[in-house]
Amino acid sequence: KQWYQRRVAITAGIDNVCAEYGFLVHFFKVRGEKAQILFTNVMERTLSLLIKSVESYMEKCYDCIGIMFCAHITMHYHELMKKRGFGALVGFHNQLLQILWPRFTFVLSQNIHSIRETDPGKLSELDTRPHFITRRFGEFYSAIHTLNDKFPNDQTVRSMSLLQVEVENVILRMAAEFHGRQDQLVFLINNYDLMLSVMQCRTTDTSKEVLSIQELLNKRINEYVDEVLLPHFGGMISFVKDNEKKLETAGPNGAGIKVNEGYINQIVRGFNQDHKKSIDTINSDVMRRFTNFNNGTVILQSALTKMIQYYSRFHKILSQPPFKTLPCRMDMINVHHVMVEVKKYKNQF
């Protein structure tokens, strides 16, 4: 309400001084510099009162968005006056901007300092859902970005980039409060996803800030996918990674590779018996942990796709010497059958 009242006061002031200037020009029949001097003599006290009013209010104002909004209103009217060929308020507008921009910079720097000094241990109990700091930053960033589009300011862009870095750092510090790695990753993914969703409402998908958050999100999703697969398919994954390297360097017919038939039999039997249960468990875990259902779908499909890829690579390894003669190959489930099972979980959200 206060910002609306001040905008009304500025608008009314602009209309009045324009009318006053027109009256002075026509009544006293003056032009150019003489008209400017006469106008200054008449309106100086009124404009000074407005300046003092703004100065007094700004001393106690910590509303970054409101301050930037007032600065942009001032620049808008400055451009409007230039189009009208009315330069009598140039000094007044410059005085306002000399009050508004330093205050905006100061308050924004205080926000950055506050985030930098945040101690996660002193916050209320954390869970894996997005933290309110994340949403507030996303909304704050969107508002500042929208305003800055009209009258771009490089200092504002740099300050917002610094604020984003500090928010990313505090999210990492909060994630460290969780003991389990999966919980840490879920917290990071939920927060990055929320931040990205809010920012994309006001920015392009190719903006530097959005690409930065998207990169962080993708990195954590890939790490989480690996973490969620390990408890269920860890033996097969380790076998695939180890033996792919060995096959690359082995001689003809896999010479030099030691075959542990009992271990391979155990992997095959375990997958045959438990893969359906494991897929269902992964599905339930993703549904429970992620607040954005669309993001949950992406993560679930990534996990199941990666599981199929590992199983296909496992098949390929066992089809090559010295593994191709193992009897357990006859007991392996066809990759196509596993893909059919995975399709049951498509579009869960």
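What you are looking at is a predicted structure, and each value in this text was computed from that prediction instead of being measured. (Residues numbered from 1 in each chain as written. Predicted model: local features only at pLDDT ≥ 70, side-chain atom pairs only at ≥ 80, totals over all residues. Heavy atoms only, no water.)

(A) Summary view of the overall build of the chain. Along the backbone of the chain there are 11 helices and 0 strands. Helices and strands in the chain line up, N terminus first, as α-α-α-α-α-α-α-α-α-α-α. Expected size for 349 residues packed as a compact globule is a radius of gyration near 20 Å; at 32 Å, the chain overshoots this value by more than 25%. Along the first, second and third principal axes, the C-alpha atoms of the chain reach 110 × 40 × 35 Å. Relative to its full complement of 349 residues, the chain shows a buried share of 44%. (Helix = DSSP H or I, 4+ residues; strand = E, 2+ residues; numbered from the N terminus. Rg over C-alpha atoms; globule rule 2.2 N^0.38 Å. Buried < 20%, exposed > 50% of the residue type's maximum accessible area, 1.4 Å probe, protein only.)

(B) The arrangement of the packing of helix α2 (residues 32–58) against helix α4 (residues 90–116) in detail. The contact between α2 and α4 brings their axes to 10 Å, and the two run at 5 degrees. In terms of axis orientation, α2 runs roughly parallel to α4. Within the contact between the two elements, α2 uses Leu-47, Leu-50, Ile-51, Val-54, Glu-55 and Met-58 and α4 uses Phe-92, Gln-95, Leu-96, Ile-99, Leu-100 and Arg-103. Here the residues of the contact of α2 with α4 are counted per class, giving 9 nonpolar, 1 polar and 2 charged. (Axes fitted to C-alpha atoms, helices over the stretch in contact; angles between N-to-C directions. Parallel < 35°, antiparallel > 145°, perpendicular 65-115°, else oblique. Contact = heavy atoms within 4.5 Å. Nonpolar A, V, L, I, M, F, W, Y, C, P; charged D, E, K, R; others polar.)

(C) Region of interest: the side chain of His-72. Following the sequence through the fold, His-72 ends up in helix α3 (residues 64–84). When sequence neighbours within four positions are dropped, the list of residues in contact with His-72 reads Trp-101, Leu-147, Asn-148, Lys-150 and Phe-151.

(D) Structural context of a nonpolar patch on the surface. On the surface, a nonpolar cluster with roughly 340 Å² of combined accessible area is contributed by Phe-23, Phe-27 and Phe-28. Inspection of the secondary structure assignment puts Phe-27 in helix α1 (residues 2–28). Residue class for Phe-27 comes out exposed when judged on its relative accessible area of 55%. (Patch = residues over 30% accessible without salt bridge, like charges linked within 9 Å, V, L, I, M, F, W, Y side chains within 5 Å. Areas by Shrake-Rupley, 256 points an atom, 1.4 Å probe, with all protein chains shown as cover. Salt bridge = Lys/Arg side-chain N within 4 Å of Asp/Glu carboxyl O.)

(E) Structural context of the packing of aromatic side chains. Taken as a whole and judged by the stated rule, the model has 10 aromatic pairs. Judged by centre distance (5.2 Å) and plane angle (85 degrees), the ring pair of Tyr-224 and Phe-290 falls under edge-to-face. Here Tyr-224 is found in helix α8 (residues 208–249), whereas its partner Phe-290 is found in the loop between α9 (261–289) and α10 (293–318), with 66 residues between them in sequence. Under the relative-accessibility criterion, Tyr-224 is labelled buried at 0%. The buried category is assigned to Phe-290, whose relative accessible area is 3%. A ring pair is formed by Phe-239 and Phe-323, whose centres lie 5.8 Å apart and whose planes are at 70 degrees; its orientation type is edge-to-face. Remark: Phe-323 occurs in the loop between α10 and α11 (335–343) and Phe-239 occurs in helix α8; sequence separation between them is 84 residues. You'll find Phe-239 and Phe-323 in the same group, each marked buried. Through a chain of ring-to-ring contacts, three or more aromatic side chains come together here, namely Phe-233, Phe-239, Phe-271, Tyr-311, Phe-314 and Phe-323. Across the ring face of Tyr-62, the terminal group of Arg-103 is positioned such that the distance to the ring centre comes to 4.8 Å. A cation sits over an aromatic face here: Lys-150 above Phe-151, 5.9 Å from the ring centre. (Phe/Tyr/Trp six-rings, centres within 6.5 Å; stacked < 30°, edge-to-face > 60°. Lys NZ or Arg CZ within 6 Å of the ring centre and 35° of its normal.)

(F) Summary view of the side chain of Asp-285. Position of Asp-285 among the secondary structure elements: in helix α9. For Asp-285, a relative accessible area of 12% puts it in the buried group. Not counting residues up to four positions away in its chain, the partners in contact with Asp-285 are Gln-182, Tyr-224 and Val-228.

(G) Up close: the pattern of salt bridges. Within the structure shown, the criterion is met by 11 salt bridges. A salt bridge links Glu-139 to Arg-135; its shortest N-O distance comes to 3.4 Å. In this pair, Glu-139 and Arg-135 both sit in helix α5 (residues 132–150), 4 residues apart, roughly one turn of the helix. Residues joined in a network through salt bridges with shared partners are Asp-183, Asp-285, Arg-288 and Arg-289.

(H) How the structure looks around the environment of Thr-291. Secondary-structure assignment places Thr-291 in the loop between α9 and α10. Considering only alpha carbons, one finds Thr-291 and Leu-194, 97 residues apart in sequence, at a separation of 9.0 Å. Setting aside residues no more than four positions away along its own chain, Thr-291 makes contact with Arg-129, Pro-130 and Asn-190.

(I) Structural detail: the packing of α5 against helix α7 (residues 181–200). Where α5 meets α7, the axes come as close as 8 Å, and the angle between the chain directions of the two elements is 20 degrees. Between α5 and α7, the interaxial angle falls into the category roughly parallel. Classified by chirality, the crossing of α7 by α5 is right-handed. For the pair α5 and α7, the contacting residues are Thr-134, Arg-135, Phe-137, Gly-138, Glu-139, Tyr-141 and Ser-142 in the first and Asn-191, Leu-194, Met-195, Val-198 and Met-199 in the second. Residues that form the contact of α5 with α7 fall into these classes: 6 nonpolar, 4 polar and 2 charged. (Left-handed = near helix turned anticlockwise from the far one by under 90°.)

The values reported here are purely geometric and, on their own, carry no functional implication.
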